[in-house]
Every structure is written in C-alpha cells, then in structure tokens.
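Chain and residue survey
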Amino acid sequence: MEKRHSVSRRSLGASLAQSPRARSAERNIPEPDSTHGEPPPLKRSESDCIESPGCEDEVDDIAHQLSDELNFDCKAIPTLPRYPVAETKNTSCWSEPDAGRFKVRGANYLQQTTKRKEKVPSGPYLFKALGADVLLTNEKSGPGTDVSTNYATRILGGRARSKPTFIINFVCPWGVIINYYEIPDLYLRYLRTNDSTRAEDEVSLSTLKPHVRATARFFLGSDDDRDATLKLIPHAVEGPLVVRKMVAGTPAIIGRRLPSKYTYVPASNGLADCFEVDLDVNETDKVG
C-alpha cells in the first residue's frame, strides 16, 4: 500500500508568498496573554527544528521541493515555529496564551444557586505545550489518524515522542491540525494501567487534587467516559466579528460533536509514551 506524505503549512511559505495577507501579517501581534506593552522582538523560534547555523538554505530547498510536489519524502517536516517569528511576519506560527483567558468551573461551581453559574479563570496549565503543526495533504497522503505511530519521526520537526506526549489531532478535509503537549510523570501510572494494576490505580485517585484526579480518570476511563469528559474551550483571538462572537470561549464536549478516536502508544524503540486523540472534523455539521 503506497504511503502518502504530508507537507507542513510552514514549508509551503514560498508558494504562499503572493497570497493576500491576513491582518496579522502586516504587523506584530503580541502573544494573546495578559502581558501589555511592546511585543517581544522577533527572532528565530526556539521551537524551530532547524537549530544549527547555516541550515536555512537546506530548509528553503526542502520547502521548494515540497511546494512543487506534495509527495516529496523528507526525514522530518519543519514544524510550525513558536510566536514571534521574523521569517513569516508572525503568520503560520503558534503560541500558548495565558491560562487565565479560559473560564472553568471553580471549587464552588456546583454549590451556586443562581441560574447562570459563574466560572473562574483557569489556573496554570497541567500539560506544557510542545508545539503545533498544520499539515496539508493530497490524494496520495497516508492515514490522517494515528499520527503518533505513522509519522512519529517526521512530525514536530522529528521530535515527536521525544518525551511523553499528549496529541490532539483535528482531521480536516484538506489536512490535519496537530497539537502536542508534554505529559507529566505523575500521569504515566494511569496512562500505563492494565488489568493487574487498575484496581490499585483507581484507589489512588482519592489521594489526588480534584483537577489532577479528573485528568487521571480521563486516562483510566473507557472511550465513552472520555467522550463525556474531553472539553474544548475555543476562543477566536482574531477574525471576522461574527466568528469572534460565535467562538468566544463557550465550552463544548467535543466527543458529542465529532467522532473521536483514542489511542495509547506505549514507549518503544527510543520513543516515549503517547496518548493521541483524533477528532474527525469531516463527520459533522457546519456548526461542529
């Protein structure tokens, strides 16, 4: 069976150079967090997979070949860089906003008696963001799911699964949007649970703080439990007014909107544990 190869949005920069720019391409956009003042100076991203001097020409060569023919095979696709990035004027990059932008249920949420219960700003993230990729595909592309096993040595600049990784993969008609997060060691016990350890692992949940316990239960649960638990809080920072109004932080139990697939991949061959969630955007209505 012929494998297809995906190409990153970033690697197509040469062919997209003449496209109409978004507003964010015309100016530096401060990272969407609680910081005010001048945006940080542009520099080569620390998340760029090409870290050694003198490699820029090699990246350009790969980008040109990839933009000419989508099925060009390369060892590792250059990953999307972290904001800010000078080369693309802050387009085709990613950032991690301040956690407090997102409203979540607080300790007293269930005790509130008002019709509209108030939520509180989120505390610090439990998982550290490692990066993001937008991969364009064509008819020769391989499966858009199970990216942690099919493309582990090529995605995230070849560094996927260099540490325990939580992957959320949105499968779209034109490609995939992949988000990578580091799984703290605390959760590996629950990620690796089996029939012989499950009872003990479940008992240990009572010793955890509520927010940690909820995450551990997600790993321990069945796929139905995960569908009822995994919540997406979307927030459109920039875009048309109607989009920003519709996508303004209203949470969604994403498993009720999109077909979801959950896959745990144990550590092997020098690659760390991985838990992947594949969300199929193709199988939903326009609102979904």
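Keep in mind that what you see is a predicted model, and the values were worked out from it rather than measured. Counting restarts for each chain: residues are numbered from 1 in the order of the written sequence. pLDDT decides what is reported in this predicted model: residues at 70 or higher carry local features, side-chain atom pairs at 80 or more are listed and counted, and totals for whole chains, interfaces and linings draw on all residues regardless. Hydrogen atoms and water are omitted, and side-chain values are computed over all heavy atoms in the structure.

Remarks on the overall build of the protein
- When its secondary structure is counted, the protein shows eight helices and 10 strands.
- Residues counted as buried form 37% of the 288 residues belonging to the protein.
- Taking the contacts inside the protein whose residues are at least 6 apart along the sequence as the reference set, 65% of them involve residues at least 24 apart.
- Note on areas: these come from Shrake-Rupley sampling with a 1.4 Å probe, and a residue is covered only by the protein chains present in the view. A total of about 16900 Å² of accessible surface is found on the protein, and carbon and sulfur atoms cover 52% of it. Only DSSP runs of H or I covering at least 4 residues are called helices, and only runs of E covering at least 2 are called strands; the numbering of each starts at the N terminus. Each residue is placed in one exposure class: buried if its accessible area under a 1.4 Å probe, protein chains only, is under 20% of its type's maximum, exposed if it is over 50%, and partly exposed if it falls in between. Note on contacts: a residue pair qualifies if any of its non-hydrogen atoms lie within 4.5 Å across the two residues.

Things to note about the pattern of salt bridges
- Take a side-chain nitrogen of Lys or Arg and a carboxyl oxygen of Asp or Glu: if they are within 4 Å of each other, that pair is a salt bridge. Applying the stated criterion across every chain yields a total of six salt bridges.
- The closest approach of N and O atoms between Glu 200 and Arg 189, which form a salt bridge, is 3.9 Å. Of this pair, Glu 200 sits in helix H5 (residues 198-204) while Arg 189 sits in helix H4 (residues 188-191), and the two are 11 residues apart along the sequence.
- A relative accessible area of 37% means that Arg 189 is categorised as partly exposed.
- A salt bridge links Arg 189 to Asp 201; the nearest nitrogen and oxygen atoms lie 2.6 Å apart.

Quick look at the layout of surface pockets
- Of the volumes computed, that of the second largest pocket is approximately 340 Å³.
- In this analysis a 1.4 Å probe is tested at points of a 1 Å grid over the protein atoms alone, and where it fits but cannot get out there is a cavity; an open set with protein on both sides within 12 Å along at least five of seven lines is a pocket; lining residues have an atom within 4 Å of a point. The wall of the second largest pocket is formed by 13 residues, among which Lys 103, Arg 116, Lys 117, Lys 119 and Gly 249 lie closest to the centre.
- For this classification, Asp, Glu, Lys and Arg are treated as charged, while Ala, Val, Leu, Ile, Met, Phe, Trp, Tyr, Cys and Pro are nonpolar and the rest, including Gly, are polar. Across the lining of the second largest pocket, the residue classes break down as four nonpolar, three polar and six charged. Grid points are joined across faces, edges and corners, and a volume is the space filled by probe spheres set on the points.

Looking at the packing of aromatic side chains
- Stacked, tilted and edge-to-face are the three classes applied to pairs of Phe, Tyr and Trp rings, where Trp contributes its six-membered ring and a pair requires centres within 6.5 Å; stacked means planes under 30 degrees apart, edge-to-face means over 60, and tilted covers the rest. By the definition in use, this model includes 12 aromatic pairs.
- Aromatic side chains Phe 127 and Phe 219 sit 6.4 Å apart centroid to centroid with 5° between the ring planes, which places their arrangement in the stacked category. With Phe 127 in the loop between strand S3 (120-121) and strand S4 (128-136) and Phe 219 in helix H6 (residues 210-220), this pair connects stretches of sequence that are 92 residues apart.
- Relative accessible area serves as the criterion here: at 4%, Phe 219 is assigned to the buried category.
- The structure contains a cluster of three or more aromatic residues connected by ring pairs, namely Phe 127, Phe 166, Tyr 187, Phe 218, Phe 219, Tyr 262 and Phe 275.

So, the side chain of Asn 169
- Mapped onto the secondary structure, Asn 169 falls in strand S5 (residues 165-172).
- Given the relative accessible area of 0%, Asn 169 is considered buried.
- Side-chain atoms alone can form a polar contact between residues adjacent in sequence; in general such a contact is a pair of N or O atoms within 3.5 Å, and within protein one must be able to donate a hydrogen while the other accepts it. Within the structure, the side chain of Asn 169 is placed 2.7 Å from the backbone oxygen of Gly 144, a separation counted as a polar contact.
- Beyond its immediate sequence surroundings of up to four residues, Asn 169 is in contact with Gly 144, Thr 145, Val 147, Val 176, Ile 177, Ile 178, Glu 276, Val 277, Asp 278 and Leu 279.

What to know about unusual backbone geometry
- Cis geometry marks the peptide bond from Tyr 83 to Pro 84, where omega comes out at 0°.
- Checked against the element boundaries, Pro 84 lands in the loop between helix H2 (56-68) and strand S2 (103-104).
- One non-glycine residue, Leu 156, lies in the positive phi region at around 55°.
- Following the sequence through the fold, Leu 156 ends up in the loop between helix H3 (147-150) and S5.
- Assessed through its relative accessible area of 5%, Leu 156 is described here as buried.
- Positive phi outside glycine occurs at Arg 161, with the angle close to 65°.
- By relative accessible area, which is 3% here, Arg 161 ends up buried.

Quick word on a nonpolar patch on the surface
- Patches were defined on residues exceeding 30% relative accessible area and lacking a salt bridge, with like-charge contacts within 9 Å and nonpolar side-chain contacts (Val, Leu, Ile, Met, Phe, Trp, Tyr) within 5 Å. Together, Val 242, Val 243 and Met 246 make up a nonpolar patch on the protein surface, roughly 290 Å² of accessible area in all.
- Relative to the elements of secondary structure, Val 243 occurs in helix H8 (residues 241-246).

Some details on H6
- All of the buried residues along H6 are Val 212, Thr 215, Ala 216, Phe 218, Phe 219 and Leu 220.
- Of the surrounding elements, those touching the buried residues of H6 are S5, H4, H5, helix H7 (223-227), strand S9 (260-265) and strand S10 (274-280).

Quick look at the side chain of Ser 148
- Relative to the helices and strands, Ser 148 is located in helix H3.
- Residue class for Ser 148 comes out buried when judged on its relative accessible area of 1%.
- Within the structure, Ser 148 has its side chain in polar contact with the side chain of Glu 276 (distance 2.7 Å).
- Setting aside its immediate chain neighbours within four residues, Ser 148 contacts Arg 161, Ile 167, Val 265, Cys 274 and Glu 276.

Notes on the nonpolar core
- Throughout this description, the term nonpolar core refers to a set of buried Ala, Val, Leu, Ile, Met, Phe, Trp, Tyr and Cys residues connected via side-chain atoms within 4.5 Å. Core analysis: the biggest nonpolar cluster contains 24 residues, and Phe 166, Ile 183, Phe 219 and Phe 275 have the highest contact counts within it.
- Broken down by secondary-structure element, the contributors of at least two residues to this core are S5, H4, H6 and S10.
- When residues in this core are grouped by element, the largest group, five residues, is from H6.
- Non-local contacts of Phe 219, meaning those with residues more than four positions away in its chain, are made with Phe 127, Phe 166, Ile 183, Tyr 187, Tyr 190, Leu 191, Arg 226 and Phe 275.
- Counting residues in hydrophobic clusters, the runner-up holds 14 residues, among them Val 147, Val 171, Ile 178 and Val 265.

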